[in-house]
Amino acid sequence: MTVTLHVCITCRAGQTLGEGETTPGKRLHGAILETGVPEGVRVVPVECLSACSQGCSVALSAPGRWSYVYGRLSDANAQDVVAGAAAYAAAPDGIVPWRSRPEIFRKQSLARIPPVAVVPEAAE
């Protein structure tokens, strides 16, 4: 199963940027791609994760798994984000044992969202 790593590319991380400057979120996205995406992980740039006051943010999700949002990140954290995404991909329910998570995933979690329950549609 493929998991999705959403990376907010519009994030300014509280910085005022000049014309044509690359946002910190785009730099994080680029650094993640340069680090190398683990097998089973798809990286998707997104316009906003609504964690604007928390610096650069990413989210991990997959069908039937817990989802996570992490913040206060920068391009310097790309290797840890990739390691965390790989551990998430390897966990059948999306719950990576606390001690097995990279430090930024232990300390910089903004939200943990339960799996979405699939409700069968009512018969017509």
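- The name that an unreviewed UniProt entry assigns to the chain is Metal-binding protein, with the source organism given as Bradyrhizobium nanningense.

1. Remarks on the pairing of strand 3 (residues 56-61)
Within a regular strand, side chains alternate between the sheet's two faces.
1) Next: For strand 3, the buried fraction is high: six of the six residues fall into the buried class.
2) Next: Residues of strand 3 alternate between two faces, with Cys56, Val58 and Leu60 on one and Ser57, Ala59 and Ser61 on the opposite face, all of them buried.
3) Next: Of the pairings in the sheet, the one linking strand 1 (residues 3-8) to strand 3 comprises four bridges and is antiparallel in character. Considered in strand 3, the bridge of His6 is made with Ala59.
4) Next: Inspection of the sheet shows strand 3 paired to strand 4 (residues 67-73) by four bridges, in the antiparallel sense. Paired with Cys56 across the strands is Leu73, a residue of strand 4.

2. Section: the nonpolar core
1) Next: Core analysis: the biggest nonpolar cluster contains 27 residues, and Leu5, Ile32, Val58, Leu73 and Val81 have the highest contact counts within it.
2) Next: When contributions to this core are tallied by element, the ones reaching two or more residues are strand 1, helix 1 (24-35), strand 2 (41-46), strand 3, strand 4, helix 2 (78-90) and helix 3 (103-107).
3) Next: No other element matches helix 2, which puts six residues into this core.
4) Next: With residues up to four places along the chain from it excluded, the contact list for Leu73 reads Leu28, Cys56, Ser57, Val58, Val81, Ile104 and Gln108.

Calculation criteria
Residues numbered from 1 in each chain as written. Predicted model: local features only at pLDDT ≥ 70, side-chain atom pairs only at ≥ 80, totals over all residues. Heavy atoms only, no water. Buried < 20%, exposed > 50% of the residue type's maximum accessible area, 1.4 Å probe, protein only. Helix = DSSP H or I, 4+ residues; strand = E, 2+ residues; numbered from the N terminus. Pairing = 2+ DSSP bridges. Core = buried A, V, L, I, M, F, W, Y, C linked by side-chain atoms within 4.5 Å. Contact = heavy atoms within 4.5 Å.

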